[in-house]
Amino acid sequence: MARAALPAGVTLSTWAEGLEHPWGLALLPQGGALVTERPGRLRVVSGQGQLSAPVAGVPRVDARGQGGLLDVVLHPDFARNGLVYLSYAEAGDGGNSTAVARGKLVQDGGQWRFADSQVVFRQAPKFASTLHFGSRLVFARDGKLFITLGERSSRQTRPDAQGLNTHHGKVVRINDDGSVPRDNPFVGDKGALPEIWSQGHRNPQGAALNPRTGELWVVEHGPQGGDELNVVRAGKNYGWPLYTYGEEYGGGRIGQEASPRGFEPPLYSWVPSVSPSGLAFYTSQAIPSWTGSLFTGALSGQALIRLQLDGEKVVREERLLTDLGSRIRDVVMGPSGELYLLTDARQGKILVLRGAGAAGS
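About the cut-offs
Residues numbered from 1 in each chain as written. Predicted model: local features only at pLDDT ≥ 70, side-chain atom pairs only at ≥ 80, totals over all residues. Heavy atoms only, no water. Helix = DSSP H or I, 4+ residues; strand = E, 2+ residues; numbered from the N terminus. Rg over C-alpha atoms; globule rule 2.2 N^0.38 Å. Buried < 20%, exposed > 50% of the residue type's maximum accessible area, 1.4 Å probe, protein only. Lys, Arg positive; Asp, Glu negative; His and termini not counted. Charge placed at Lys NZ, Arg CZ, Asp CG, Glu CD. Pairing = 2+ DSSP bridges. Contact = heavy atoms within 4.5 Å. Axes fitted to C-alpha atoms, helices over the stretch in contact; angles between N-to-C directions.

How would you summarise the overall build of the protein chain if you had to cite specific residues and measurements?
Along the backbone of the protein chain there are one helix and 24 strands. The C-alpha atoms of the protein chain give a radius of gyration of 19 Å, which matches the 21 Å a tight globule of 361 residues would have. C-alpha atoms of the protein chain, sized along the principal axes, occupy 50 × 50 × 35 Å. When burial is assessed residue by residue, the protein chain has 57% of its 361 residues classed as buried. Positive and negative charge centroids in the protein chain, built from 37 and 34 side chains respectively, lie 1 Å apart.

This is the structure:
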């Protein structure tokens, strides 16, 4: 790991500010973006960085602790159908859990609305916790939707990550209408929830498709140490809490470090923790030294992390923007090779990194 300066010609600017704990960002095809604020607001950002009034019709959220309105993603055919998907903490019998709703982004008389909303997924069971909702949303090339889910940060629910009868500590895969794909790995297994794609996760808060392979990559929070980068494949078990490089807060063993046969070791791990959030592959030539890199934000690490890859091997880590002292919550690559960053703060911002030849928003 090395602390690094921005490459020559790369500039950092503020696109929008005045956001309360922004969490997820989705760029709109006509320009501008959608951004979530954890207390429960969705806003439209203009190309000039102006924030709309809160979008009407957004689901009610449980905005306590790490909960609230979380990720946002556009349907692959958004230009035709206008569908937007939101993940959020939803209260209910037994506590709360991650839910995903979809609706149409419409504008009536200058007011934006999340119209015709319907819930397409609910994490089960609900549990009384304000932690570890996971919540990243990624559409695969085949139109299926991946949802990352935390194990709720309780010693009571930790073992659930190793069982198939709950959604705790899982990545799930659904069709765009919420139905279950017939080729999910546990469909037909007695006692298994058919939405499950993979198990043994702790709290995955960054996810992206590898542009070369189309596979899902995630970053997830370990406990005290042991944050992980993983390639998430059908039916695989990623070990939590049996196998981890982390330990209890304040010290104390949780599980074994080495992952035996039948469990997937991380591609890369951080000890001590950086609390990775958001994930983006950089495919543009706008900043040539970054082409082919993987970027994640760091919350406790207060940096933008660049991982240089050789296939599925991380060969170098750089920590950028460490002088900002900002918790970076999300990272999104724009159409002209710019990188959009969300800072997780009471007065949060959308920052933009541009190469010398990159176009505007």
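An account of the sheet that holds strand S18 (residues 276–281) is requested, with residue identities and associated values reported.
Here we have five strands laid out as an open sheet, ordered S1-S21-S20-S19-S18, and mixed in their pairing. The strands lining the two open edges of the sheet, one partner per strand, are strand S1 (2–3) and S18. Bridge count for strand S19 (residues 294–298) against strand S20 (residues 303–310) is five bridges, and the pairing is antiparallel. Each bridged residue has a counterpart across the sheet, and for Leu 294 the counterpart in S20 is Leu 307.

Please provide a residue-by-residue account of the environment of Gln 256, values included.
Within the secondary structure, Gln 256 is located in the loop between strand S16 (227–232) and strand S17 (268–270). A relative accessible area of 42% places Gln 256 in the partly exposed class. Distance in space between the C-alpha atoms of Gln 256 and Gly 239 is 9.5 Å, their sequence separation being 17 residues. Sequence-distant contacts of Gln 256, that is, excluding residues within four places in its chain, are made with Leu 242, Tyr 243 and Thr 244.

Which residues make up the sheet that holds strand S7 (residues 83–92), and what are the values?
Overall, antiparallel pairing links the four strands, which are arranged S6-S7-S8-S9 in an open sheet. If you trace the sheet from one side to the other, it starts and ends with strand S6 (69–74) and strand S9 (111–122), each paired once. Averaged over all adjacent pairs, the angle separating strand axes in this sheet is 30°, with direction ignored. Where strand S8 (residues 95–108) and S9 come together, nine bridges link them in antiparallel fashion. Residue Val 100 lies in a different strand from S9, and its bridge partner there is Phe 121.

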